[in-house]
Amino acid sequence: MKNQATALVLRFIEALNAENFPDARVCLREDFVFEGVLGKREGADLYIKEMTQMKLKYQVQQAFAAGEDVCLWYEIDMGGKMVLASGWYHTENGKILSLKVVFDPRPLLEGK
């Protein structure tokens, strides 16, 4: 049985995969913060704007939850290259407040 935080995060991922960016935006708090290997973004609208341009596709391998924290292991299709990644989503009051992502960049570096 999924907890509420896991259900929220999976809804968010499903919306991104379907390119339903308005539904994905509803899952985020206004003050959402993204931290990744390549930088930090603050604000839900900026993050969704960038997701609209990148159109990443996620294949969730596993979801782990502890209270309002959810960790996903997934493969992300980044322009035809599959990248193994993990995302740590922190939720509060039914919305995603933050996301920290780490990934293996080697597939993106091949052929450069």
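Now for a description of the structure that goes with this document. Quick caveat: nothing in here was measured; it's all calculated off a predicted structure.

## Notes on the overall build of the protein chain
(1) Moving on: Each helix and strand counted, the protein chain has 4 helices and 6 strands in total.
(2) Moving on: Traced from its N-terminal end to its C-terminal end, the protein chain shows the element sequence α-α-β-β-α-β-β-β-β-α.
(3) Moving on: Relative to the 2.2 N^0.38 estimate, which gives 13 Å for 112 residues, the radius of gyration of the protein chain is 13 Å and therefore close to what a compact globule would have.
(4) Moving on: Taken along the three principal axes of its C-alpha coordinates, the protein chain extends 45 × 30 × 25 Å.
(5) Moving on: Scored against the burial criterion, the 112 residues of the protein chain give a buried share of 35%.
(6) Moving on: Accessible surface computed for the protein chain: about 6600 Å², of which carbon and sulfur atoms make up 55%.

## A word on the pattern of salt bridges
(1) Moving on: Within the structure shown, the criterion is met by 9 salt bridges.
(2) Moving on: Here R25 and D45 are joined by a salt bridge, their closest N and O atoms 2.7 Å apart. With R25 in helix α2 (residues 21-26) and D45 in helix α3 (residues 44-54), this residue pair connects regions lying 20 residues apart in the sequence.
(3) Moving on: D45 sits in the partly exposed class, given a relative accessible area of 48%.
(4) Moving on: E50 is the salt-bridge partner of R41, the closest N and O atoms lying 2.9 Å from each other.

## Section: the layout of surface pockets
(1) Moving on: Roughly 440 Å³ of internal volume is contained in the largest pocket.
(2) Moving on: Lining of the largest pocket is provided by 21 residues; of these, F34, M51, M54, L56 and M78 occupy positions nearest its centre.
(3) Moving on: Among the elements that take part in the lining of the largest pocket, α3 stands out by supplying 4 residues, more than any other.
(4) Moving on: Grouping the constituent residues of the lining of the largest pocket by class yields 15 nonpolar, 3 polar and 3 charged.

## Here's the deal with the pairing of strand β3 (residues 57-66)
(1) Moving on: Pairing of β3 with strand β4 (residues 69-78) involves 9 bridges; the strand directions are antiparallel. Counterpart to A65 in the pairing with β4 is V70.
(2) Moving on: Linkage of β3 to β4, two consecutive antiparallel strands, is achieved through a turn of 2 residues, within which G67 is found at a positive phi near 65°.

About the criteria used
- Residue positions are given per chain, counted from 1 along the sequence in the order it is written.
- Only residues with pLDDT of at least 70 get local features here, since the model is predicted, and only at 80 or more are side-chain atom pairs given and counted; chain-wide, interface and lining totals rely on the full set of residues.
- Hydrogens and water are ignored here; the side-chain numbers use all heavy atoms of the structure.
- Segments assigned H or I by DSSP are reported as helices when at least four residues long, segments assigned E as strands when at least two residues long, and all are numbered from the N terminus.
- Put simply, the radius of gyration uses C-alpha atoms, and a globule should come to 2.2 Å times the residue count raised to 0.38.
- Residue burial is assigned from relative accessible area. The probe radius is 1.4 Å, only protein chains are included, and a residue is buried under 20% of its type maximum, exposed over 50%, and partly exposed in between.
- Note on areas: these come from Shrake-Rupley sampling with a 1.4 Å probe, and a residue is covered only by the protein chains present in the view.
- Note on definitions: salt bridges are taken to be side-chain nitrogens of Lys or Arg within 4 Å of carboxyl oxygens of Asp or Glu.
- Using protein atoms alone on a 1 Å grid, points that fit a 1.4 Å probe yet trap it form a cavity, whereas open point sets bounded by protein on both sides within 12 Å along at least five of seven lines form a pocket; residues with an atom within 4 Å of a point count as lining.
- Grid points are joined across faces, edges and corners, and a volume is the space filled by probe spheres set on the points.
- Charged residues are taken to be Asp, Glu, Lys and Arg, nonpolar residues to be Ala, Val, Leu, Ile, Met, Phe, Trp, Tyr, Cys and Pro, and polar residues to be all remaining types, Gly included.
- One requirement defines pairing of two strands: DSSP has to find at least two bridges between them.

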